[in-house]
Amino acid sequence: MKLGLLDIGSTAARLELVDLDRGRLPRASWSHKERTRLGENTLADGSVTDEGIEQAARAVEGCVRAVGAELRGPLVAFGTAAVRDATNGAELRARLTEAAGTRIGSMTPHAEAALCFHAARRWHGREDTPLTTVDIGGGTAEVAIGSGPYPDEVVSMPLGAARLTREHLPSDPPPPDQVAALYAAVEAVAPVDLAPFRGRRLGQPVGQSKVLRQLAVLAASSSKRLVRHPDTLARTNLTRWIPQLAELGQVERAKLPGVSRSRARRILAGAITADSLLRALGVEELDLCPWGLREGLVFRFVEAYERAEQCTRADAIRRLTDEMFA
């Protein structure tokens, strides 16, 4: 059975086909991406503009149109924080559901973090050892810790890079007072919420988001050397870039190593948040894991598919979809 997985995020909608019969590694056999620009079209009050809703709907329609007859199994569609947290989320989800031809679900930040943790556990393959995951998304940031396949504890904080940029950095480039306000907002949350983790055995600390991966390229590179695929993100290397990011505008940031145009506006907020989270945890370096929410979801579907009898596998997928998505 080929599962269609449609992920609708703040920058793009991506539709992937995954063969559940060969799901030991969650690799897509087909993939298509369209720009949603939800992050750019979300206002300070958290609502998505009418044009933003239509842009996201066009992206979803483009993905569904592109897959065409290749999709022979169920289509599972979900929105991340950009959809889940929109103050006009009901209207947004209704339009996206119409565009996709199937219900758009969403998960709580804790549920998303648990699946990301599960993907990291599968990636590193070290069972029954402590693992700590750090994920900075568009709307929230999560830290999860545990020794099993899923985390024992998850802390979710309103420190997503897109949210912080929207709330505290309206100007481009931001003046010093806006940067100071951003620092204050992050420092008011991260050290307090992560205090229970401080001094605990965290095991292997792992970073799992695109923001962290782009920051890792930036932190490991220099004017003379580009490191395209770093394995780690070192806090000391990251902090030396923050003053420069604060001085540059979006266009100039996009010219830096590893920084994409779609994330150039929010990369400063991501860097400040990453530094604060690592300091709060007492961690100086993160290992980078390329697997995250989508891979964690695929593993859950593979597990349900393998447990079910041949005649009930489609029903098992539908039941799991209803369980996971609101």
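Starting afresh in each chain, residues are numbered from 1 along the sequence in its written order. Given that this is a predicted model, residues contribute local features only at a pLDDT of at least 70 and side-chain atom pairs are listed and counted only at 80 or more, while totals for whole chains, interfaces and linings are drawn from all residues. Side-chain descriptors were evaluated using all non-hydrogen atoms of the structure, hydrogens and water having been removed beforehand.

### Observations concerning helix 12 (residues 267-281)
Our working rule: By the criteria applied, helices consist of DSSP H or I runs no shorter than four residues and strands consist of E runs no shorter than two, each listed in order from the N terminus. Residue count minus one, scaled by 1.5 Å, sets the expected span of a helix. Classification of residues uses two cut-offs on accessible area relative to the type maximum, computed with a 1.4 Å probe and protein chains only: under 20% is buried, over 50% is exposed, and between them is partly exposed.
Its 15 residues place the ends of helix 12 21 Å apart at the C-alpha level, agreeing with the 21 Å of an ideal helix rising 1.5 Å per residue. The buried count for helix 12 comes to 14 of 15 residues, which makes it a mostly enclosed element. Looking one or two residues beyond helix 12, the residue adopting positive phi is G282, at roughly 75°.

### Looking at the sheet that holds strand 7 (residues 141-146)
Let me state the cut-off plainly: The pairing criterion is simple: DSSP has to find at least two bridges between the two strands. Whenever a helix is involved, its axis is fitted only over the stretch in contact; in every case the axis is a line through C-alpha atoms, and angles between N-to-C directions fall within 0 to 180 degrees. In this analysis, two residues are considered to be in contact whenever any of their non-hydrogen atoms come within 4.5 Å of each other.
A sheet is described by the order of its strands in space; here 6 strands give the open sequence 8-7-6-9-11-10, paired in mixed fashion. Two strands close off the open sheet at either side, each with one partner strand: strand 8 (153-157) and strand 10 (232-234). In this sheet, neighbouring strand axes are inclined to one another by 25° on average, regardless of whether the strands run parallel or antiparallel. Relative to strand 9 (residues 204-207), strand 6 (residues 131-136) is paired through 4 bridges, and the arrangement is parallel. Note that in strand 9 the partner of T133 across the bridge is V206. Helix-sheet contacts for helix 12 involve strand 6, strand 7, strand 8 and strand 11 (285-288), and the interaxial angle to strand 6 is about 155°.

### Overview of the packing of helix 5 (residues 161-168) against helix 12
Cut-off, in case you're wondering: Relative orientations are named as follows: roughly parallel for angles under 35 degrees, roughly antiparallel for angles over 145 degrees, roughly perpendicular for angles from 65 to 115 degrees, and oblique for any other angle. For a crossing to be left-handed, the near helix must be turned anticlockwise from the far one by less than a right angle; the clockwise case is right-handed. Each residue gets one of three labels, nonpolar for Ala, Val, Leu, Ile, Met, Phe, Trp, Tyr, Cys and Pro, charged for Asp, Glu, Lys and Arg, and polar for the others, Gly among them.
One can describe the packing of helix 5 onto helix 12 by two numbers: an axis separation of 8 Å at closest approach and a directional angle of 115°. In terms of their interaxial angle, helix 5 and helix 12 are classed as roughly perpendicular. Between helix 5 and helix 12 lies a crossing whose hand is right-handed. Within the contact between the two elements, helix 5 uses A161, L164 and T165 and helix 12 uses A269, G270 and T273. Classifying every residue of the contact of helix 5 with helix 12 gives 3 nonpolar, 3 polar and no charged.

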